[in-house]
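# Structural overview for review
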Amino acid sequence: MGAPTGPPPGRLAGGTPRAALAELLTGNRRFVSGQPVHGHDVTAAAAAASGDQQPYAVVLGCIDSRVPLEAIFDQTFGAICVIRTGGHVLDRAVCGSIEYVVGQLGVPLVLVLGHERCGAVGAAVDALRTGERPGGSLAHLVDEIAPAVLDAGVDDPAVHPLAIRRHVRRTVHTLRADDLLAGPVAAGRVDVVGGLYDLATGEVALLEGP
Ligand SMILES: [Zn+2]
């Protein structure tokens, strides 16, 4: 497969949240179809050709090794900013990073991507069911995910998939209300949306509604 030429999509993809989301989802369809444009172009030469970065989206996802974000959206160097934490949990560093990308780099879209069978959400479910809160900083992850688990119903047999969806939505709501993001979101210059990654098919589905 030949290396793509020209600059990364960056702002060429359009400066609106809608155009950025369409670009991401188009990349995911290329990935799902087994015909990525950038999938095999992970060379130092491609990295060098990216020049100045002009990313068009920031994707916040989980650390899960099965969900490499640039790959599942078929994105090349310079196209998207990626932040990954366990269960896409927010902290000040994550929020500050997103504020930087939106405010300083002019990125119009933030996608929060959860995934099925998320171990971080499973850890929160286990902690709430057993009453055993983990130690260390793992407690922060569990504490941040716990409200979604409680919303879903800790004793519900389907709590895990339900909590995954609720946790994505809660993360989206938190980011939309962020001090430096709320204004651009209200003005329509920036959007924050949630999605779910299907480990079996590779497909990303948007979570519609509140
Ligand atoms: Zn996960």
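Here, the structure is the one placed above.
Residues numbered from 1 in each chain as written. Predicted model: local features only at pLDDT ≥ 70, side-chain atom pairs only at ≥ 80, totals over all residues. Heavy atoms only, no water.

## With respect to the packing of helix α5 (residues 119–130) against helix α6 (residues 138–152)
Relative orientation of the contacting elements α5 and α6 amounts to 75 degrees, with a least axis distance of 9 Å. The angle between the axes of α5 and α6 places the two elements in the roughly perpendicular class. Contact residues: α5 offers Ala-120, Val-121, Ala-123, Ala-124, Val-125, Ala-127 and Leu-128, while α6 offers Val-142, Ile-145, Ala-146, Val-149 and Leu-150. For the contact of α5 with α6, the per-class residue count stands at 12 nonpolar, no polar and no charged. (Axes fitted to C-alpha atoms, helices over the stretch in contact; angles between N-to-C directions. Helix = DSSP H or I, 4+ residues; strand = E, 2+ residues; numbered from the N terminus. Parallel < 35°, antiparallel > 145°, perpendicular 65-115°, else oblique. Contact = heavy atoms within 4.5 Å. Nonpolar A, V, L, I, M, F, W, Y, C, P; charged D, E, K, R; others polar.)

## A closer look at the coordination of the zinc ion
For the zinc ion, the full set of protein donor atoms is Cys-62 (SG), His-115 (NE2) and Cys-118 (SG), and the range of their distances to it is 2.1 to 2.3 Å. Written as a sequence motif, the donor residues of the zinc ion are C-x52-H-x2-C. There is no split in this pair, since His-115 and Cys-118 are both buried. (Donors = N, O, S within 2.8 Å, 3.2 Å for Na, K, Ca; no water. Buried < 20%, exposed > 50% of the residue type's maximum accessible area, 1.4 Å probe, protein only.)

## Concerning empty space enclosed by the protein
Remark: the empty space left among the atoms is shown by a probe the size of a water molecule rolled over them. Under the counting rule described, the total for this entry stands at one cavity of 30 Å³ or more. If you add up the space inside the largest cavity, you get close to 40 Å³. Among the secondary structure elements, those contributing two or more residues to the lining of the largest cavity are β3 (109–115) and α7 (159–176). In the lining of the largest cavity, the residues fall into four nonpolar, five polar and no charged. (1 Å grid on protein atoms, 1.4 Å probe; cavity = no way out; pocket = protein on both sides within 12 Å on 5 of 7 lines; lining within 4 Å. Points joined across faces, edges and corners; volume = space filled by probe spheres on them.)

## Concerning the environment of Asp-74
With respect to the helices and strands, the residue Asp-74 is situated in the loop between α3 (69–72) and β2 (80–84). Along the chain, Asp-74 and His-38 lie 36 residues apart, while their C-alpha atoms are 5.7 Å from each other. Sequence-distant contacts of Asp-74, that is, excluding residues within four places in its chain, are made with Gly-27, Arg-30, Pro-36, Val-37, His-38 and Gly-39. Among the polar contacts listed, one links the side chain of Asp-74 to the backbone nitrogen of Val-37, at a separation of 2.7 Å. (Polar contact = N/O pair within 3.5 Å; in protein donor to acceptor, adjacent residues only side chain to side chain.)

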